[in-house]
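Remarks on the overall topology
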Amino acid sequence: MTWSSPLAGVLLVGAVLVAGAFVVVVVDRAWGSIAAHQRVRVAALVAGPARDGALLLLTRPSTTERPDAQAWVLAPALVVAMAAAVVAAVPLSPGIAVADVDDGIVLIGAAFALVMVGVYLHGWSANSPMPLTGGYRFVALALSYEMPLALVLIAAALPAESLSVGAIVASQHDIWNVVRQPLGLPLYLVVGLGLATWGPLNMADGADLAGGTTAEVSGVSRLSWELARRSVLVAVAVVGAAVFLGGWQGPLLPGWLWMAVKTLVLVAVLTGLGHRVARIRLERFVVVAWAVLIPVALVDVFVSGALAL
Amino acid sequence: MGLISRLAASADVPVFPVVGIGGRTAARSLATLGGIRVVDHPRAAVLMLLVGRPTRSLLRPLLAVHDQLSGPRCTVWWRTGRDGGDELVAALPAVEVLPVGDASALRRVFTELVNGARASDPPALDDIETTPWRGVGPYGQGGSGMTGGTPYGRPLVGRAPDPDGLQLDQLPLQVGPFFGPFPPGLVLHLEVQGDVVRHASLGENPFTRWPGDAPLGPLESGVFFDAVAEVAPVAGLELARARHHLRWASDALRLHGLCSPARRLAALAERIAPGDAELVVRIARQLGRSRSLASVMRGVGVVDPERHGLRQGIVARSTGVPEDARLSDPAYRPLGFEPIVHEGGDAWARFRQRLDEAAQALILAERAGERIRAPGPAVEGPRGALAAGAPSPSGQLLGILPELLVDQEWGDALTIVTSLDLDVEEAAHEVPAEASA
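Residues numbered from 1 in each chain as written. Chains lettered and ligands numbered in written order. Predicted model: local features only at pLDDT ≥ 70, side-chain atom pairs only at ≥ 80, totals over all residues.

This brings us to the overall build of chain B. On a plain count of helices and strands, chain B comes out with 15 helices and 13 strands. Dimensions of chain B along its principal axes, counting C-alpha atoms only, are 70 × 60 × 50 Å. Going through the 437 residues of chain B one by one, you find that 50% of them count as buried. Contacts spanning at least 24 positions in sequence make up 67% of the contacts within chain B whose residues lie at least 6 apart. (Helix = DSSP H or I, 4+ residues; strand = E, 2+ residues; numbered from the N terminus. Buried ≥ 20, exposed ≤ 12 C-beta atoms within 10 Å, placed from the backbone. Contact = placed C-beta atoms within 7 Å.)

Right, here's the structure in full:
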């Protein structure tokens, strides 16, 4: 089967995102039980996403006074599409690549940047104060996420002398980027949390806004938004596994399985942080991003560039 | 029943609690019930759970919240304390009274709704304009000027200078009395620029008792109110204090995104015993070392005891003022009680103060044994001293709240509201007059 054919590509990317979103829910709930010192009930964990999804399917979608109805529908679709574009650009093993394009890293950076539009639209569309505030928050933070993201991805591309994700994975044959560029992965995970509006950087949908951009959403609309958020988290983990953890490379197991294991590890790290670290103050994060994260990311680029010469 | 319905019926029951008179304690216990999920906003709920007795001021917001549930939806009622409120609850389409704290009854109603055995509630309010506005004003937006107006009964944004001198949109906003992250009944009239609060004032207290109304209560801090006029076991008071502070800490952790540790504290609060002092000390130490919690609370909502007129109470102690009614209470003298104080007076100091006092309360409960406290002029409640004729601690704290909120970002404003541990019903309550006898 040629994975670059449109149908196969859509099926593969869709399967990765849906299965990944399911795993995110299960792992997140497992962390929740552990952090709450409760017994981890495996059966309930596995069945939980299906149960909650079914309830949302049965719940009527809500509406508000004069919402921007088209944008409200478009927002989760846009976010899922961006996550799909990112996953498509990442080869899952030497034989499984939907669109390992020459400029893959540029595509990934651009797609992640457009997540901002989706989150903002989701907040804007409800015509309600709390969702709108959530949307504005994400816009205020977006550049603080995107600058370090772009820099660490560029740094990862330097040893490969290519912007193709497949080439970046191949360049880690002897040593993974997480070792060669120790600053890269931590920076990437921080901004990844922000892009996925997750855990301590879930400011757009935060509890202080009674759910933020989701405060007026129910039913299928809520289900699609939750799927969209988790899709971004999956996309962040897939890219992280490929760019920093050597992608499909590893002994004994088939390449796609190594990729799945490494993605799962990053999903576990990202979701685990959500149960350990409190919500960060918006202004403080912007200061930290511009005073610490971006300069550190620049150091990462300069050092990686010098080593690549 | 199809596969989807069967799966949906086995999901956690999403409940949005609306708290009336005497309902706060029962509402807090919801978080510890298995198979129940307390949601932040009504859109995510299937059941609206009325806990306690509604008041006339709460009726209209109650109906509005009901209509925000998307459906299938239903209202259930946990009646707590004294009877009453039936004539107000009758305004809702259908209400089923359930036993307080019974998760299986909530599950039964939820299952019936999901599988279609019970009809979803119709709207409680008519879908009509409450105030005429269409066609009024130069742009038909319901008011004067370009941005003035009240379409759909809500004011549009105006313009006001921000601290940099720029003219920015300023949105008038009423938040409460059923805003999830707020204490039940708190109503704030705000003007916000973006997510920065520029003006804040308190709305009417919906628990205010009018002539002819039934008495208030039972209060969450009722055991302390009762102790002003009645004998009370010291261990019981201190256990209630520890439970109160742990429940508060659970709310604070939830607000700051740590929902799982919050569940742990909420569960611990329900089964707390004097022997748990060591565990609570360990938790207090662990949370006190959290850099992320410190960063979200440090420097936020600084209270100055002089300027804000707070001479006693837990908020004052978090500023370094060692005032505590237990110091002059004969029942506490043999227990070696020394007030705990923190410095700084910010939300972080208040957080650590309450956790440390929760641990101290358990130690005192263990030491107190069967010791009884005689009625006295003042009892140290979980928020401050309760004395006949004196304003309640919550009333004092509500008074300083608007000033603390001005120029705060929304997240910080919520941190401040939570950190003060407000009880709006307590603020409307009178301390028993017999205490002065």
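Helix and strand counts for chain A stand at eleven helices and zero strands. Here chain A has a C-alpha radius of gyration of 19 Å; the compact-globule value for 309 residues is 19 Å, and the two agree. Overall, chain A is about 60 × 45 × 45 Å in size when its C-alpha atoms are taken along their principal axes. For chain A, buried positions account for 55% of its 309 residues. For chain A, the proportion of contacts with a sequence separation of at least 24, taken over those separated by at least 6, is 79%. (Rg over C-alpha atoms; globule rule 2.2 N^0.38 Å.)

What follows deals with the interface of chain B and chain A. Each partner contributes to the interface: chain B provides 40 residues, whereas chain A provides 43 residues. Looking at the side of chain B that touches chain A, the elements that each hand over two or more residues are helix 1 (3–9), strand 7 (167–175), helix 7 (234–255), helix 8 (259–270), helix 10 (291–297) and helix 14 (410–419) of chain B. Its residues assigned to classes, the side of chain B that touches chain A comprises 18 nonpolar, 14 polar and eight charged. (Nonpolar A, V, L, I, M, F, W, Y, C, P; charged D, E, K, R; others polar.)

Let us look at the sheet that holds strand 7 of chain B. Residue and element names in this part refer to chain B. Read across the sheet, four strands follow the order 6-7-8-9 without closing on themselves; strand pairing throughout is antiparallel. Here the strands that pair on one side only, and so sit at the sheet edges, are strand 6 (158–161) and strand 9 (196–202). Averaged over all neighbouring strand pairs, the angle between strand axes comes to 35°, with direction disregarded. When strand 7 meets strand 8 (residues 188–193), the two strands line up antiparallel, connected through five bridges. Within the sheet, the bridge partner assigned to Pro172 lies in strand 8 and is Glu191. (Pairing = 2+ DSSP bridges. Axes fitted to C-alpha atoms, helices over the stretch in contact; angles between N-to-C directions.)

Turning to the confidence of the model for chain A, a few remarks are in order. When pLDDT is averaged along chain A, the result is 91, and 99% of the positions lie at 70 or above. Mean pLDDT values for the elements of chain A range from 91 in helix 2 (residues 42–58) of chain A up to 95 in helix 9 (residues 219–244) of chain A. (pLDDT = per-residue confidence, 0-100.)

What follows covers the nonpolar core. With 223 residues, the main nonpolar core has Ala83, Val86, Val87, Val232, Leu233 and Val234 of chain A together with Leu47 of chain B as its most contacted residues. Examining the composition of this core, we find that 16 residues originate from one element, helix 9 of chain A, more than from any other. Those residues within four positions of Leu233 of chain A in sequence are excluded, and the remaining contacts are Val24, Ala196, Trp198, Val267 and Leu270 of chain A. (Core = buried A, V, L, I, M, F, W, Y, C linked by C-beta atoms within 7 Å.)

All names here are of chain B. For the pair helix 7 and helix 12 (residues 347–368), interaxial distance at closest approach is 8 Å and the crossing angle is 155°. In terms of orientation, helix 7 and helix 12 fall into the roughly antiparallel class. Crossing of helix 7 over helix 12 shows left-handed handedness. Every residue of helix 12 that contacts helix 7 at Val234, Ala235, Glu238, Leu239, Arg241, Ala242, His245, Leu246, Trp248, Ala249 and Ala252 is listed here: Phe351, Arg354, Leu355, Glu357, Ala358, Ala361, Leu362, Leu364, Ala365 and Ala368. For the contact of helix 7 with helix 12, the class distribution of residues is 16 nonpolar, one polar and four charged. (Parallel < 35°, antiparallel > 145°, perpendicular 65-115°, else oblique. Left-handed = near helix turned anticlockwise from the far one by under 90°.)

A separate point is the environment of Ala84 of chain A. Residues and elements named next belong to chain A. Take Ala84: it is sitting in helix 3 (residues 69–88). Counting along the chain gives 81 residues from Ala84 to Val165, while the straight-line C-alpha distance between them is 15 Å. Not counting residues up to four positions away in its chain, the partners in contact with Ala84 are Val13 and Leu17.

All names here are of chain B. Taken N-terminus to C-terminus, the directions of helix 9 (residues 277–288) and helix 12 make an angle of 170°; their axes are 9 Å apart at the nearest point. Here helix 12 runs roughly antiparallel to helix 9, going by the angle between their axes. Here helix 9 contributes Ala277, Val280, Val281, Ala284, Leu287 and Gly288 to the contact with helix 12, which in turn contributes Arg352, Leu355, Asp356, Ala358, Ala359, Leu362, Ile363 and Glu366. By residue class, the composition of the contact of helix 9 with helix 12 is ten nonpolar, one polar and three charged.

Before going further, it helps to spend a moment on unusual backbone geometry. Look at the link from Gly71 of chain B to Pro72 of chain B: it is a cis peptide, with omega at 5°. Mapped onto the elements of the fold, Pro72 of chain B is located in the loop between helix 3 (56–68) and strand 4 (74–78). Cis peptide bonds are those with omega within 30 degrees of zero, and the linkage from Gly176 of chain B to Pro177 of chain B qualifies with 10°. Note that Pro177 of chain B resides in the loop between strand 7 and strand 8. For His37 of chain A, which is not a glycine, the phi torsion comes out positive at approximately 60°. With respect to the secondary-structure elements, His37 of chain A resides in the loop between helix 1 (6–35) and helix 2. Look at His37 of chain A and you get exposed, because 12 C-beta atoms sit within 10 Å. Phi angles above zero are rare outside glycine, and Thr197 of chain A is one such case at about 45°. In this fold, Thr197 of chain A is placed in the loop between helix 8 (184–195) and helix 9.

With that settled, the discussion passes to helix 11 (residues 282–308) of chain A. With 27 residues, helix 11 of chain A extends 36 Å from end C-alpha to end C-alpha; this agrees with the ideal 39 Å at 1.5 Å per step. Among the residues of helix 11 of chain A, Leu282, Phe285, Ala289, Leu293, Ala297, Asp300, Val301 and Ser304 of chain A are the ones counted as buried. Elements in contact with the buried residues of helix 11 of chain A: helix 5 (129–157) and helix 8 of chain A together with helix 14 of chain B. (Expected span 1.5 Å × (residues − 1).)

Per-residue pLDDT for chain B averages 87, and the proportion of residues at 70 or more is 91%. In the predicted complex, the global pTM is 0.91; the interface-specific ipTM is 0.89.

Turning next to the environment of Leu405 of chain B. Residue and element names in this part refer to chain B. Topologically, Leu405 is positioned in helix 13 (residues 393–405). Placed twelve residues apart in sequence, Leu405 and Val417 show a C-alpha to C-alpha distance of 8.3 Å. Here Leu405 is in contact with Val197, Ala200, Ala413 and Ile416, once residues within four sequence places are set aside.

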